Number of protein chains: 2
Amino acid sequence: MAPIAPKEPYKLLNTQASINAKKIRFELNQIELPIGISETFGMIIHPGAALAVPITNDEKVIILRQYRFAVSRRILEFPAGTLEDGESPLESMKRELAEEAGYQANRWDHLGQMLPCPGYSDEVIHLYLARDLIKLEEKPKGDDDEDLEVLSMTIEEFENCLASRNELLDGKSITAWYQARRLLKA
Amino acid sequence: MAPIAPKEPYKLLNTQASINAKKIRFELNQIELPIGISETFGMIIHPGAALAVPITNDEKVIILRQYRFAVSRRILEFPAGTLEDGESPLESMKRELAEEAGYQANRWDHLGQMLPCPGYSDEVIHLYLARDLIKLEEKPKGDDDEDLEVLSMTIEEFENCLASRNELLDGKSITAWYQARRLLKA
């Protein structure tokens, strides 16, 4: 296969409205698509994010049960976070792994990049597998609004949980897990 | 495992700004989280969507190479679409499978529900596996702004393509594929 296809930019004709919300921005833009059609679309401008699948030396999956206001539920998600200004995806991920899960990892593998919602967001999430974990004695302070619990499961328990239909599956977490499994089996 | 955890609504204090954009709406809301903290967050209100993994009788994966303005690229995605008013997820999916890929399916399995970006969108995507496919002689007319190509690959070609790191992975498609594989192997 060829490397990742190059960008094919659309032509921005005008921005009709916009709202800034913390790290993201929503814009209503009139654009001209590569096929020549002009239309008005809404989209999120996002700084990007990073996610890690943390696996302990005794093969436990570390995952969060986290409250997400947008869906009004507690869902299963791997530790992840939005990139801060000037931060590389891996630096960001090391910070989030400590703040959210309370771990430091000494072995990092890159699992590629994923798009959570290419229909209306430019967000790209950098995926990692984090191994050789060390549990921190104290979690560094993260965001005040985080409402989460750190869980540990065997790989089998985790896969049964995904198969059960009792979870609303988080796209970024399942995509990362799909990629991680290949390295874990190798 | 228990069934899908019930919703835990946040308290909406006030909507500070909003923008309507076709089928989606962006709101900047001051809310009170279940942990008692009040904050202002941006979020997408979305009607929901459906996606299908179409597999032909000779075990080919049908997938689209589709232009997505939000990421300015052509990405690999399974046929999917936003629910229209009054349409069930399965009805919507049958329409999209015909319009986007040019197929009708006689065997449908539900693969659960996924959340593409629970951090800032309430969108839920209903996932299906579509089998016993019949190629339509003519594709019904879909959206004017669609810019896509229909591809057919063996399962091995598709998995190699995902492993290659030459694709920006679409979260909803990989999540559906992860769930579909279990049924395809059974």
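The rules behind these values
Residues numbered from 1 in each chain as written. Chains lettered and ligands numbered in written order. Predicted model: local features only at pLDDT ≥ 70, side-chain atom pairs only at ≥ 80, totals over all residues. Helix = DSSP H or I, 4+ residues; strand = E, 2+ residues; numbered from the N terminus. Contact = placed C-beta atoms within 7 Å. Nonpolar A, V, L, I, M, F, W, Y, C, P; charged D, E, K, R; others polar. Buried ≥ 20, exposed ≤ 12 C-beta atoms within 10 Å, placed from the backbone. Least-squares fit on C-alpha atoms with pLDDT ≥ 70 in both. Domains from an automatic or database assignment.

Draft legend 1. Layout of the overall build of chain A. Helix and strand counts for chain A come out as 3 helices and 11 strands. Going from N to C terminus, chain A has its helices and strands arranged as β-β-β-β-β-β-β-α-β-β-β-α-β-α. Overall, the C-alpha framework of chain A stretches about 55 × 45 × 35 Å when taken along its three principal axes. In chain A, the proportion of contacts linking residues at least 24 apart, taken out of those at least 6 apart, comes to 63%.

Draft legend 2. Looking closely at the interface of chain B and chain A. Each partner contributes to the interface: chain B provides 65 residues, whereas chain A provides 65 residues. The element contributing the most residues to the side of chain B that touches chain A is helix H3 (residues 171–185) of chain B, with 6 residues. Across the side of chain B that touches chain A, the residue classes break down as 39 nonpolar, 10 polar and 16 charged.

Draft legend 3. Expanded view of unusual backbone geometry. With a phi close to 55°, Ser72(A) is a non-glycine residue in the positive phi region. With respect to the element layout, Ser72(A) can be found in the loop between strand E5 (60–68) and strand E6 (73–77). The class for Ser72(A) is partly exposed, based on 15 C-beta atoms found within 10 Å. If you check the backbone angles, Asp132(B) has positive phi at about 50° while not being a glycine. Here Asp132(B) shows up in strand E9 (residues 125–135).

Draft legend 4. Spotlight on the relation of the copies chain B and chain A. For the match of chain B to chain A, the screw axis carries a shift of 0.0 Å, the RMSD comes to 0.0 Å, and the turn is 180°. The superposition of one copy onto the other is thereby described by a two-fold rotation axis. Counting the interface residues of chain B, we find that 100% of their copies in chain A are interface residues as well, pointing to one common contact surface.

Draft legend 5. Main features of the domain arrangement of chain A. Residues and elements named next belong to chain A. Split by domain assignment, chain A resolves into domain 1 (11–45) and domain 2 (49–185). Distance between the C-alpha centres of domain 1 and domain 2: 30 Å. Of the residues contributing to the side of domain 1 that touches domain 2, the split by class is 3 nonpolar, 1 polar and 1 charged.

Draft legend 6. The environment of Val124(A), seen in detail. By the element assignment, Val124(A) lies in the loop between strand E8 (103–115) and strand E9 (125–135). On the neighbour-count criterion, Val124(A) (19 C-beta atoms within 10 Å) is partly exposed. Among residues more than four places away in sequence, those in contact with Val124(A) are Gly48(A), Gln113(A), Leu115(A) and Leu168(B).

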